[in-house]
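Residue-level listing of the chains:
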Amino acid sequence: MTTSALPANSPAGTGGVPSLGANGSAPAAASAGPPGLVDRLGGLERLVRAGVGRLDQPVLEEAGALLDRAGQRLRLSGEHTVVTLAGGTGSGKSSLFNAICGLELSPTGLRRPMTSKAHSCVWGLDGAGPLLDWLDVDKQHRYARASALDLERGDAGLQGLVLIDLPDHDSIQAVHRAEVDRFVAIADLLVWVVDPQKYADAALHRNYIVPFARHTGVTLIVLNQVDRLAPHEIEDCVADLRRLLEAEGLADPRIVTASAVAEDGVHGFREVLIDTVAARRARAQRLSADVDRVAERFTAYRFDAEPPTTVEENRRAELIQALTDAAGAPAVAEAMESAYELRAADFVGWPVAAMIARLRSDPLRRMRLTELREELRGAFTGPVGAQQGDVDNALQAVTGGVATELPAHWGRSVRAAARSHATEIPEALGESLKGALPAFNAVPRWWWLVKTWQYFLVLVAVLSVVWIGFLVAYGLLGADGEDRSGLIGQAGLIPYVAVLVVCTLGMGWLTASACRNLVALSSAKHGDKMEHHMRQGIERVAFEKVIEPIEDDLEVYARFRQDVDVALGR
């Protein structure tokens, strides 16, 4: 029988870390059942990604640490099962370690604590080196059982076992306790060695048993030193220990008895190790238990009720109306009506009335048209389309109902999503209104026809007045006996020409009056059309800047709820 330290330069100790499933065991663990371990880890990874910036950082950090640890462990040897022997001072775990190994590898004695560094013994060297490097076991304390004599003595069933003896968990040395905590977090099988005198030790149960109560499947309790008890005392002690463990949350705890000094005193413990190594399931079971514990923390961030996935139509309508009011679209439409009427007056108005108005010198009208034009031209060239306060109120209103249907963290996330483009919305609204405004030089064709007609009437009226003037002048200056024939020699034409002037002026006035009524009707339709176009632009802004971010966030929450179930293995 030979026992040797693992050489630092052995092939097993220098191999690179294979990819997930390269050794053939990780996929088997992942496909153990739908969803498998790899699927559950994938779900947990998506939970972490979805939770960044939304959920509590300690929960995300714990899940991230588990994902990192699980990824590393799955890339290492799946043919080896890491079993840790942990216990308190005087529990005899080092003696138990030596009894399983068959040699005095870990120091024992009356002085406490004896084990200050983790000691490992490996059955089967192939692939163990990288695993022990990851476990950070000192190379001076690595041992292997690899001789033909080991196989003859019945150790063949332990091939693939990595047995680790840990320092005392109740050591006065903080570094010893830290070493125990590190291995307890990464071991495939947790073996707690207790003795009849201190199996109810409060430190052990408070710091390790209770926090890892969900890890019953990968936890083994070894009641050691039973050689000190009578047979009936062993049964009573095991029953009391089981009662204590079940009260602390361990469902159907596994308990075996052992004695490092009695003949076949570790037979039962050895059989458990052989079964565990042969099953090759401890690694997946341990990681599954870790995922159970971490994934359970994410259930606090979801409701059982189906969440909304879209913003309701009535809330959309309220948002669009609020943004429409904030952008002042009705006022702009009204201004466009006024501009339309003022612009139309230059074309369809009666020129004679316009000349009379100019003689009266009404600067306000000219200023109104000029200033209105300039205002409409420059009103939407910058981020002044809406007041930020009005926009904020609209965003608060649209998320008020949605957020109340979600957990608090996701409600805050939805509000943040709604406000993700808040500072861009006023300018976007201004640009949408600007895009709806018509060109100022675009006028209806009938305006030009009316204007041509009106100036034709003016021309007729002017010519008629000139005609009358010629008739009057000719009548006053013309001599008797001279020929009074022709268009300017017949004074009797004056009444008829005067009637023509009156009719022309009347037709111009009536045309202007009729056109004003027509323009009034057209301006109302024009304003409605402008408001409709502006509202369409506002709807696009509302969808792109508010609705879409909210619904994207709701979709993330819906997937989050599904991933919680996946991570929990449901």
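Every value quoted in this text rests on a predicted model; they were computed, and no experiment measured them.

Scoring rules and cut-offs
Residues numbered from 1 in each chain as written. Predicted model: local features only at pLDDT ≥ 70, side-chain atom pairs only at ≥ 80, totals over all residues. Heavy atoms only, no water. Helix = DSSP H or I, 4+ residues; strand = E, 2+ residues; numbered from the N terminus. Buried < 20%, exposed > 50% of the residue type's maximum accessible area, 1.4 Å probe, protein only. Contact = heavy atoms within 4.5 Å. Phe/Tyr/Trp six-rings, centres within 6.5 Å; stacked < 30°, edge-to-face > 60°. Disulfide = S-S within 2.5 Å. 1 Å grid on protein atoms, 1.4 Å probe; cavity = no way out; pocket = protein on both sides within 12 Å on 5 of 7 lines; lining within 4 Å. Points joined across faces, edges and corners; volume = space filled by probe spheres on them. Nonpolar A, V, L, I, M, F, W, Y, C, P; charged D, E, K, R; others polar. Pairing = 2+ DSSP bridges. Right-handed = clockwise from strand over helix to strand, strands pointing away. Patch = residues over 30% accessible without salt bridge, like charges linked within 9 Å, V, L, I, M, F, W, Y side chains within 5 Å. Areas by Shrake-Rupley, 256 points an atom, 1.4 Å probe, with all protein chains shown as cover. Salt bridge = Lys/Arg side-chain N within 4 Å of Asp/Glu carboxyl O.

## Here we look at the overall build of the protein chain
Next, step 1: Secondary structure summary: the protein chain contains 21 helices and eight strands in total.
Next, step 2: A buried classification covers 46% of the 570 residues belonging to the protein chain.
Next, step 3: If you take every contact in the protein chain between residues at least 6 apart in sequence, the share linking residues at least 24 apart comes to 81%.

## Some words on the packing of aromatic side chains
Next, step 1: Across all of its chains, the model carries five aromatic pairs by this definition.
Next, step 2: One aromatic cluster is present, formed by Phe298, Trp410, Tyr557 and Phe560 through successive ring pairs.

## Here's the deal with the state of the cysteines
Next, step 1: Under the definition given, this model contains zero disulfides.
Next, step 2: For cysteine 101, which is in no disulfide, the shortest distance to another cysteine sulfur is to cysteine 121 and amounts to 3.6 Å.

## A closer look at empty space enclosed by the protein
Next, step 1: Taken as a whole, this structure holds two cavities of 30 Å³ or more when the rule is applied.
Next, step 2: For the largest cavity, the full set of lining residues is Gly88, Ser91, His169, Val193, Val194, Asp195, Lys198, Asp201 and Leu204.
Next, step 3: Here the residues of the lining of the largest cavity sort into three nonpolar, three polar and three charged.
Next, step 4: Here the second largest cavity defines a volume of roughly 40 Å³.
Next, step 5: Lining the second largest cavity, in full, are Arg69, Arg73, Trp134, Ala185, Ile186, Asp188, Arg286, Leu287 and Asp290.
Next, step 6: Contributions of two or more residues to the lining of the second largest cavity are made by helix 4 (57–75) and helix 12 (282–298).
Next, step 7: Considering every element that reaches the lining of the second largest cavity, the biggest residue donor is helix 12, with three residues.

## Quick word on the pairing of strand 3 (residues 119–123)
Next, step 1: The buried fraction of strand 3 is high, at five of five residues.
Next, step 2: Residue alternation in strand 3 divides its side chains into two sets, His119, Cys121 and Trp123 and Ser120 and Val122, and both sets are buried.
Next, step 3: Pairing analysis gives four bridges linking strand 3 to strand 5 (residues 161–165), with the strands arranged antiparallel. The residue bridging serine 120 from the neighbouring strand is isoleucine 164, located in strand 5.
Next, step 4: The sheet contact formed by strand 3 and strand 4 (residues 142–145) spans four bridges and is parallel. Across the sheet, residue valine 122 finds its bridge partner in strand 4, namely alanine 144.
Next, step 5: Each parallel crossover has a hand, and for strand 3 linked through helix 6 (residues 128–135) to strand 4 it is right-handed.

## Thoughts on a nonpolar patch on the surface
Next, step 1: There is a patch of nonpolar side chains on the surface, built from Trp453, Phe456 and Met507 and spanning about 290 Å² of accessible area.
Next, step 2: When you line up the elements, tryptophan 453 lands in helix 20 (residues 445–477).
Next, step 3: Assessed through its relative accessible area of 35%, tryptophan 453 is described here as partly exposed.

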